[in-house]
Amino acid sequence: IDFKIITNDGSHDSMKMLIDLKNIFARQLPKMPKEYIVRLVFDRNHESMCIIKDNTKVIGGICYRKYPSQRFAEIAFLAITANLQVKGYGTRLMNKFKEHIQKQDVEYLLTYADNYAIGYFRKQGFYQEIKMNQDRWKGFIKDYDGGTLMECYVHPNIDYGN
Ligand code: ACO
């Protein structure tokens, strides 16, 4: 298992992996309009961390956007392919993601969690109570009715890489 940060850099390999990831999101997040998923996954302001099996096969990932001046990042989409869910990959992905984002001087993660995913996010240290000051994030991320806003504090000194 490998974890790779993929951006829309125009290379063939990146394109292929982002298409595979987009397809996993589209299947696992059926309420999300497909065009919206495509737009964000290929948007130059967004990055994705992919979980890759056997060197080439994308089995899941996180698509996110960093707001460096605000020191937070928003998780737009997160999914693991259907037949590999609830085997711990989602937890490993989140830990790797925190380890990565911590080095980028990000202090908070925000996400609009699907109702079904609230339990998963809770286990990953996300809370419905938003501690970050409103003026730091309001207006930066889009309001979204279909989900519950959750926040995770990324401690600068915790080793998330286990
Ligand atoms: N509700 C409650 N608990 C859950 C859920 C859930 N939907 N999914 C997993 N868990 C629990 C597991 O039981 C496990 O608990 P444990 O540690 O006590 O055993 C823990 O969360 C972690 O489980 P993992 O095996 O690491 O999770 P998984 O690999 O299945 O990844 C994920 C979780 C990403 C939510 C996956 O199930 C998935 O892709 N689901 C469908 C898509 C989805 O809902 N994505 C999130 C939408 S919100 C958003 O994208 C911003």
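Structure first, text after, so check above.
Analysis parameters
- Residues numbered from 1 in each chain as written.
- Predicted model: local features only at pLDDT ≥ 70, side-chain atom pairs only at ≥ 80, totals over all residues.
- Heavy atoms only, no water.
- Helix = DSSP H or I, 4+ residues; strand = E, 2+ residues; numbered from the N terminus.
- Buried < 20%, exposed > 50% of the residue type's maximum accessible area, 1.4 Å probe, protein only.
- Polar contact = N/O pair within 3.5 Å; in protein donor to acceptor, adjacent residues only side chain to side chain.
- Contact = heavy atoms within 4.5 Å.
- 1 Å grid on protein atoms, 1.4 Å probe; cavity = no way out; pocket = protein on both sides within 12 Å on 5 of 7 lines; lining within 4 Å.
- Points joined across faces, edges and corners; volume = space filled by probe spheres on them.
- Nonpolar A, V, L, I, M, F, W, Y, C, P; charged D, E, K, R; others polar.
- Near = heavy atom within 4 Å.
- Lys, Arg positive; Asp, Glu negative; His and termini not counted.
- Salt bridge = Lys/Arg side-chain N within 4 Å of Asp/Glu carboxyl O.

Novice: Outline the side chain of Glu107, listing residues and values.
Specialist: Checked against the element boundaries, Glu107 lands in the loop between α3 (89-103) and β5 (108-113). Its relative accessible area of 18% is what places Glu107 among the buried residues. A distance of 2.8 Å separates the side chain of Glu107 from the side chain of Arg136, its partner in a polar contact. The contacts of Glu107, once residues within four sequence positions are left out, are Arg71, Arg136, Cys152, Tyr153 and Val154.

Novice: Hey, could you go over the layout of surface pockets for me, with residue numbers and the actual values?
Specialist: A volume near 1000 Å³ is recorded for the largest pocket. Along the wall of the largest pocket there are 39 residues; nearest its centre are Leu29, Leu78, Asp114, Ala117 and Phe121. For the lining of the largest pocket, the elements supplying multiple residues, two or more each, are α2 (34-42), β3 (57-67), β4 (72-80), α3, β5 and α4 (118-123). Counting residues per element, the lining of the largest pocket draws most heavily on β4, at seven residues. Of the residues assigned to the lining of the largest pocket, the class counts are 24 nonpolar, seven polar and eight charged.

Novice: Go over the site of the ligand with me, naming the residues and quoting the values.
Specialist: Taken together, 23 residues surround the ligand, and among them Val86, Gly88, Gly90, Thr91 and Tyr116 come closest. Between a nitrogen atom of the ligand and a main-chain N or O atom of Leu78, the distance comes to 2.8 Å. Taking Gly90, its main chain carries an N or O atom lying 2.7 Å from an oxygen atom of the ligand. Those elements that provide at least two residues to the shell around the ligand are β4, α3, β5 and α4. Among the elements that line the shell around the ligand, the one with the most residues is β4, at five residues.

Novice: Please give an account of the side chain of Glu74 that cites residues and values.
Specialist: Secondary-structure assignment places Glu74 in strand β4. Buried within the structure, Glu74 lacks any salt-bridge partner; Arg65 is the closest side chain of opposite charge, at an N-O distance of 7.1 Å. Apart from the residues within four sequence positions on either side, Glu74 is in contact with Cys63, Tyr64, Arg65, Tyr67, Leu110, Tyr112 and Ile141.

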